[in-house]
Amino acid sequence: MKSAPRLMLLFAFMAAVGAYGWVGLYQVEPDEQAVVLRLGRYWVTQGPGLQWHAKWIDRLEIRPVTVTFREEFGYTTSEPGVEYQDDPEQQRRMITGDTNLVNVQFVVQYRISNLKDYLLNVAASEVVIRDTAEAAIRAVIGGEPIDGVLTGLKAKIASDTQRQIQMILDEYGAGIDVRSVQLQDVQPPDPVKEAFAEVTSAEQDRERMVLEAQGYADKILPEARGAAAQVLNQAHAYKEARILRAQGQADSFNAVLTEYKKAKDVTRMRLYMETLEEILPRMDKVILEEGQGGNVLPYLPLGRRGARE
């Protein structure tokens, strides 16, 4: 009989322990992590799944770590109820490296890379991100001329700003990964917007003319190179033909010279006859019978084509 109360106490204790353990269970979603603070100090970081913590002793902080957050500057399209103390008009106005004013609207996208650092190393992380981003982009734009800020340097400004923000947040140990910086709109102030629009139009015309000139050059240069190559090939072919012809003539002369040295009289007569064979077919000829040469009256055939043809 005495063991019955003890058994009941044991069951009650086990039920209390089970209830306490059940109350301490919680679910971490696939895109989340949980940080457990035990008696105010960091205890553990837990990943997705069914987890447990000591209820009434631990404080639980759960945050999405695969979601990309965004902070807008110079304009507001945030969710209802989210308000910032920043003045968009004042926030977008910046000064360039050549002391001109420009209005810049941009977006910073980031993720939580280390939840422990994000929660414990900095207070008011969103405020830190906004202040850091605004300081970084003002420093970057302050080193560039306004023409570059308005036209061809936007990608460079965004990249440099992202690198600056990440460097500062890493120094703070903020546990934040800056995914991108996007310039939404970059415009000169309203009083000079028309003049800058004309400058931009002129820049575009210049780029178009450069592209047209480059296209013309790309078309003409290959044709000119082809024509030059053809002329060079013809010159080389003519050179080779002349060399071969001269070599052939030299070989022929040397062959004749060799035969001439062997029989000078015969060779001289043969050359004389070959020359006559070449010349006589182009001349007017008068054939006389033998013995009649003294009875022929010499005459000059004026008006007729002579031997030169």
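Remember, it's a predicted structure, so these values are computed and weren't measured experimentally. (Residues numbered from 1 in each chain as written. Predicted model: local features only at pLDDT ≥ 70, side-chain atom pairs only at ≥ 80, totals over all residues. Heavy atoms only, no water.)

A. Looking closely at the packing of aromatic side chains. All chains considered together, the criterion is met by 2 aromatic pairs. Between the NZ or CZ atom of Arg 38 and the centre of the ring of Trp 43, over which it lies, the distance is 4.2 Å. Taking the ring centre of Tyr 42 as reference, the NZ or CZ of Lys 116 above it sits at 4.6 Å. (Phe/Tyr/Trp six-rings, centres within 6.5 Å; stacked < 30°, edge-to-face > 60°. Lys NZ or Arg CZ within 6 Å of the ring centre and 35° of its normal.)

B. Summary view of helix 6 (residues 154-172). End to end, helix 6 covers 27 Å across 19 residues, agreeing with the expected 27 Å (1.5 Å per residue, within 8%). Where helix 6 is buried, its residues contact strand 8 (101-112), helix 4 (125-141), helix 5 (146-150) and strand 9 (176-187). At the exit of helix 6 stands Gly 173, carrying a positive phi of roughly 65 degrees. (Helix = DSSP H or I, 4+ residues; strand = E, 2+ residues; numbered from the N terminus. Expected span 1.5 Å × (residues − 1). Contact = heavy atoms within 4.5 Å.)

C. The arrangement of the sheet that holds strand 5 (residues 58-64) in detail. Strand order in the open sheet formed by 3 strands is 3-2-5, with antiparallel pairing between adjacent strands. Edge positions in the sheet fall to strand 3 (41-46) and strand 5, since each has one partner strand and no second. For this sheet the average axis-to-axis angle between neighbouring strands, irrespective of direction, equals 25 degrees. One ladder, built from 5 bridges, connects strand 2 (residues 32-38) with strand 3; its direction is antiparallel. Note on strand 3: the bridge partner recorded for Leu 37 is Tyr 42. (Pairing = 2+ DSSP bridges. Axes fitted to C-alpha atoms, helices over the stretch in contact; angles between N-to-C directions.)

D. Quick peek at the environment of Asp 190. Tracing the sequence through the fold places Asp 190 in the loop between strand 9 and helix 7 (193-262). Among the residues examined, Asp 190 registers a relative accessible area of 60% and is labelled exposed. Spatially, the C-alpha atom of Asp 190 lies 9.4 Å from that of Asn 103, the residues being 87 residues apart in sequence. (Buried < 20%, exposed > 50% of the residue type's maximum accessible area, 1.4 Å probe, protein only.)

E. Inspection of the nonpolar core at higher detail. Judged by nonpolar contacts, the single largest core of 33 residues is most densely connected at Val 102, Val 104, Phe 106, Val 108, Ile 141 and Ile 165. Contributions of two or more residues to this core are made by strand 2, strand 8, helix 3 (115-120), helix 4, helix 5, helix 6 and strand 9. Counting residues per element, this core draws most heavily on helix 4, at 7 residues. (Core = buried A, V, L, I, M, F, W, Y, C linked by side-chain atoms within 4.5 Å.)

F. Representation of empty space enclosed by the protein in the model. Scanning the model with the defined rule gives 1 cavity of 30 Å³ or more in all. One number sums up the size of the largest cavity: a volume of about 40 Å³. Among the elements of the structure, helix 5 and helix 7 are those that each provide at least two residues to the lining of the largest cavity. Examining the composition of the lining of the largest cavity, we find that 4 residues originate from one element, helix 7, more than from any other. A breakdown of the residues in the lining of the largest cavity according to their chemical character gives 3 nonpolar, 2 polar and 2 charged. (1 Å grid on protein atoms, 1.4 Å probe; cavity = no way out; pocket = protein on both sides within 12 Å on 5 of 7 lines; lining within 4 Å. Points joined across faces, edges and corners; volume = space filled by probe spheres on them. Nonpolar A, V, L, I, M, F, W, Y, C, P; charged D, E, K, R; others polar.)

G. Representation of the pattern of salt bridges. Under the definition given, this model contains 10 salt bridges. The salt bridge involving Glu 144 is made with Lys 156; its shortest N-O contact spans 2.9 Å. In this pair, Glu 144 is assigned in the loop between helix 4 and helix 5 and Lys 156 in helix 6, connecting sequence segments 12 residues apart. With relative accessibility at 40%, the residue Lys 156 sits in the partly exposed group. (Salt bridge = Lys/Arg side-chain N within 4 Å of Asp/Glu carboxyl O.)

H. Here's a closer look at a nonpolar patch on the surface. Among the surface-exposed residues, Met 269, Tyr 272 and Met 273 lie close enough to one another that they form a single nonpolar patch of about 330 Å² accessible area. The exposure class assigned to Met 269 is partly exposed, which follows from its relative accessible area of 47%. (Patch = residues over 30% accessible without salt bridge, like charges linked within 9 Å, V, L, I, M, F, W, Y side chains within 5 Å. Areas by Shrake-Rupley, 256 points an atom, 1.4 Å probe, with all protein chains shown as cover.)

I. Local environment of the side chain of Glu 71. Relative to the helices and strands, Glu 71 is located in strand 6 (residues 69-73). A polar contact is formed between the side chain of Glu 71 and the side chain of Arg 130, at a distance of 2.9 Å. (Polar contact = N/O pair within 3.5 Å; in protein donor to acceptor, adjacent residues only side chain to side chain.)

J. Structural view of the confidence of the model for the protein. With 79% of its residues at a pLDDT of 70 or more, the protein has an overall mean of 80. When pLDDT is averaged over each element of the protein, helix 6 comes out on top at 94 and helix 1 (residues 3-23) at the bottom at 55. A low-confidence stretch, residues 19-23 (pLDDT under 50), is modelled with 7 contacts involving residues beyond four sequence positions or located in other chains. (pLDDT = per-residue confidence, 0-100.)

K. Examining the packing of helix 4 against helix 6 more closely. Interhelical geometry of helix 4 versus helix 6 gives an angle of 135 degrees and a closest axis separation of 9 Å. On the basis of the axis angle, helix 4 is oblique to helix 6. With respect to the hand of their crossing, helix 4 and helix 6 are arranged in right-handed fashion. Touching Val 128, Thr 132, Ala 133, Ala 136, Ile 137, Val 140 and Ile 141 of helix 4 are Ile 157, Asp 160, Thr 161, Gln 164, Ile 165, Ile 168, Leu 169 and Tyr 172, all from helix 6. Tallied by class, residues from the contact of helix 4 with helix 6 come to 11 nonpolar, 3 polar and 1 charged. (Parallel < 35°, antiparallel > 145°, perpendicular 65-115°, else oblique. Left-handed = near helix turned anticlockwise from the far one by under 90°.)

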